[in-house]
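The residues making up each chain are set out below.
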Amino acid sequence: MSGIIGKKIGMTSLYNADGSAVACTLIEAGPCVVTQVKTVEKEGYSAIQLGYGEKKEKHTTQPLLGHFKKAGTTPKKKLVEFRSFENELSLGEVISAELFVEGDFVDAIGTSKGKGFQGVVKRHGFAGVGGQTHGQHNRGRHPGSIGACSFPSRVFKGIRMAGRTGGNRVKVQNLQVLKVYAEKNLIVVSGSIPGAKNSYVILEK
């Protein structure tokens, strides 16, 4: 599966041929450098490691400095592996947004926005009690019962409760590539992508 590392720029909208507005996301895709080529003989599986984003040498560990030097490139911030890449790539080769063409369908992987500790209404979409409180107060957004009494005498694993929300790795599938600006390393895909602005995004083809 071919892919590239990028950065989410923001959202906008484009108009179709029939005049309808389509919500879309602008992504800075690449340029990415091949920092390692893994083979079945040496590592036990075949994969391509790509590096994206510049990083200062003083903020890079010595082992990684040697790793990037072997690839003949400067230190990179983000490293991602892609298995079974379509094209045969060599160490130090550069991949840009030209990997994609308009009309392609891609999967986008990002880290969703962290929301902190949230209740069950925001976290799981519970409806809350609404107006039927029978005179009780302060229970409008409470979770309600979390189990039975003497049997089973415990709370089942997986019961939806309040807790830390967001900040998870999320994949959105089958987003269409609407525009490719190869000279600017920009790609416009339909729909929304998880994550804040300037967060890393992995596009898989």
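You'll find the structure just up there.
No experiment lies behind these values; they were computed from the predicted model shown.

1. Thoughts on the overall build of the protein
Line of reasoning, step 1. The number of helices and strands found in the protein is 2 helices and 12 strands.
Line of reasoning, step 2. For 205 residues, the compact-globule estimate of 2.2 N^0.38 gives 17 Å, and the C-alpha radius of gyration of the protein, at 23 Å, exceeds that figure by more than 25%.
Line of reasoning, step 3. Across the 205 residues of the protein, 34% fall into the buried class.
Line of reasoning, step 4. The long-range fraction of contacts in the protein, counting pairs at least 24 apart against all pairs at least 6 apart in sequence, stands at 68%.
Line of reasoning, step 5. Accessible area for the protein stands at about 12,800 Å²; split by element, carbon and sulfur atoms hold 51% of it.

2. Points about the packing of aromatic side chains
Line of reasoning, step 1. Going through the model one piece at a time under the given rule, you end up with 2 aromatic pairs.
Line of reasoning, step 2. Relative to Tyr200, the ring of Tyr52 lies with its centre 6.1 Å away and its plane at 85°, an arrangement referred to as edge-to-face. Linking Tyr52 in strand β4 (residues 47-54) with Tyr200 in strand β12 (residues 200-204), this pair joins segments that are 148 residues apart in sequence.
Line of reasoning, step 3. Residue class for Tyr52 comes out buried when judged on its relative accessible area of 4%.
Line of reasoning, step 4. The exposure class of Tyr200 is partly exposed, given its relative accessible area of 29%.
Line of reasoning, step 5. Aromatic side chains Phe82 and Phe85 sit 6.1 Å apart centroid to centroid with 80° between the ring planes, which places their arrangement in the edge-to-face category.
Line of reasoning, step 6. In this arrangement the basic side chain of Arg83 is found over the ring face of Tyr45, its NZ or CZ atom lying 4.2 Å from the centre.

3. Comments concerning the pairing of β4
Line of reasoning, step 1. Here β4 lies mainly inside the structure; 6 of its 8 residues are buried.
Line of reasoning, step 2. Bridge count for β4 against strand β5 (residues 76-83) is 7 bridges, and the pairing is antiparallel. By the bridge assignment for β5, Ile48 is matched with Phe82.

Thresholds applied
Residues numbered from 1 in each chain as written. Predicted model: local features only at pLDDT ≥ 70, side-chain atom pairs only at ≥ 80, totals over all residues. Heavy atoms only, no water. Helix = DSSP H or I, 4+ residues; strand = E, 2+ residues; numbered from the N terminus. Rg over C-alpha atoms; globule rule 2.2 N^0.38 Å. Buried < 20%, exposed > 50% of the residue type's maximum accessible area, 1.4 Å probe, protein only. Contact = heavy atoms within 4.5 Å. Areas by Shrake-Rupley, 256 points an atom, 1.4 Å probe, with all protein chains shown as cover. Phe/Tyr/Trp six-rings, centres within 6.5 Å; stacked < 30°, edge-to-face > 60°. Lys NZ or Arg CZ within 6 Å of the ring centre and 35° of its normal. Pairing = 2+ DSSP bridges.

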